[in-house]
Amino acid sequence: MTSYETVEDYDYWKLALKIHELREIGSKEIESSKLLMNILKSHGFKITERFLEIPTAFKAEKVIGSGKPSIAFLAEYDALPGIGHACGHNLIASSAIFSAIRTAEKISNGTITVFGTPDEEGSGEWAGSKIIMADRGAFKNIDLVLGSHPGDEWEVGSQSLAVQDLEVTFIGKAAHEAASPNNGRSALDAAVLTYNAVNMMRQHVRRDANFVMHGIIKEGGTAPNVTPERAVLTYGIRSTDIEYHKELVERFIKIVEGCSIATETTYSIKKIGLLFSTTKINKTLSNKIRDNIIARGIACPELDDTFSRLPKGSTDFANVSQVVPALEVGFQIAPEGTAWHSRESLEAAKSTRAKDSLLDVIEVLSDTAKELTENKRLMEDIQRDFFQK
Ligand SMILES: [Zn+2]
């Protein structure tokens, strides 16, 4: 057990290094979440532990003056299994906590909330906890959400891919492969057919929808002389068009059905995890934050530039952006082109470059939040943007 009696000693950098060292994986971030809550508590935030019954989630709130508007920061603090904080969520944790603390120091009116959102990487029971929070109405009384994510460049307004993971199980009939193969029905055949049919489908999808489909054959039999009775495939289906994504999932299910008929096997399909949405980009908010990044002498691509790039991945932050105006700022901690979830990004997440960028992003986010509490017009423009289709 770590002792947090000296919790007041924690500044943004000491916190980032401590979370890096704790390297707790998704849904098991017990010490990390406790430390974050204790720091916020020592700065006068009111804490709700086990927020929405999620063991390592929390909500921390500080009301200042009129209490309006209500701005929230999202903290992540899960490490990747095996390697540790190679996604830099230790920096996201510190950025959220100290952006909130800095904002509370800077403003005269507003409610500042920090949501502790476990398991962004999807390794545990509460994978994609922001999706659960969004679905259960956690952001109902929040006007705006700010977040950040380290990477190989500064960026605002980047798109993400909707994703649903699926597991398919085929059941056939076991038989002696030499003595009575006619009695056997191979589940592996169904799996291989599915794998090939999916590859044929790739040619016949919309090119503008950033279709990505990746799969493996997880189980394919037990012995070569026994007809494989059971085969299991797992697939991830992604796209930047949430409506088209539904269609793609339906087409995948049709393929599975067809392959099961063809091989005289049965099948079942199970969803793995929750549906990660696409990001709803708020142009007004993106441009505002970009201005504040540039004001600190940092280069940041124009919004149209960012839109023209291929999205890199998926995040549960996207689901939050669907229910409330929200933006996740990308901040640079490593040279452009650095591979993520790698040894290089693991080191970058505790480098001096990360320290400098972390301070920058805390100032950018708290400056933006301050402006939003003072400029009613700006807040209205952001809300209007959000409700526009
Ligand atoms: Zn990440």
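Residues numbered from 1 in each chain as written. Predicted model: local features only at pLDDT ≥ 70, side-chain atom pairs only at ≥ 80, totals over all residues.

Contact pair helix α7 (residues 283-295) / helix α11 (residues 352-374): the axes reach a minimum separation of 9 Å and the direction vectors enclose 130°. One way to sum up the angle between α7 and α11 is to call them oblique. When you trace α7 past α11, the crossing you get is right-handed. Taken together, the residues of α11 that come into contact with α7 (itself represented by Lys288, Ile289, Asn292 and Ile293) are Val364, Asp367 and Thr368. The residue makeup of the contact of α7 with α11, split by class, is three nonpolar, two polar and two charged. (Axes fitted to C-alpha atoms, helices over the stretch in contact; angles between N-to-C directions. Helix = DSSP H or I, 4+ residues; strand = E, 2+ residues; numbered from the N terminus. Parallel < 35°, antiparallel > 145°, perpendicular 65-115°, else oblique. Left-handed = near helix turned anticlockwise from the far one by under 90°. Contact = placed C-beta atoms within 7 Å. Nonpolar A, V, L, I, M, F, W, Y, C, P; charged D, E, K, R; others polar.)

Spatial strand order, β1-β2-β4-β3-β5-β10: six strands in an open sheet with mixed pairing. Looking at which strands have only one partner, the edges of the open sheet turn out to be β1 (46-49) and β10 (326-332). The mean angle between the axes of side-by-side strands here comes to 20°, regardless of whether they run parallel or antiparallel. As paired elements, strand β5 (residues 144-151) and β10 share seven bridges and run parallel to each other. Each bridged residue has a counterpart across the sheet, and for Gly147 the counterpart in β10 is Glu328. Where helix α3 (residues 89-106) meets the sheet, it contacts β2 (58-64), β3 (70-75), β4 (110-116) and β5, and its direction lies at approximately 155° from that of β3. (Pairing = 2+ DSSP bridges.)

To continue, consider the domain arrangement of the protein. Taken domain by domain, the protein comprises domain 1 (7-159 + 279-387) and domain 2 (162-276). In this structure, domain 1 and domain 2 have C-alpha centres spaced 37 Å apart. On the side of domain 2, seven residues touch domain 1, which itself brings twelve residues to the contact. Partitioning the side of domain 1 that touches domain 2 into residue classes produces five nonpolar, six polar and one charged. (Domains from an automatic or database assignment.)

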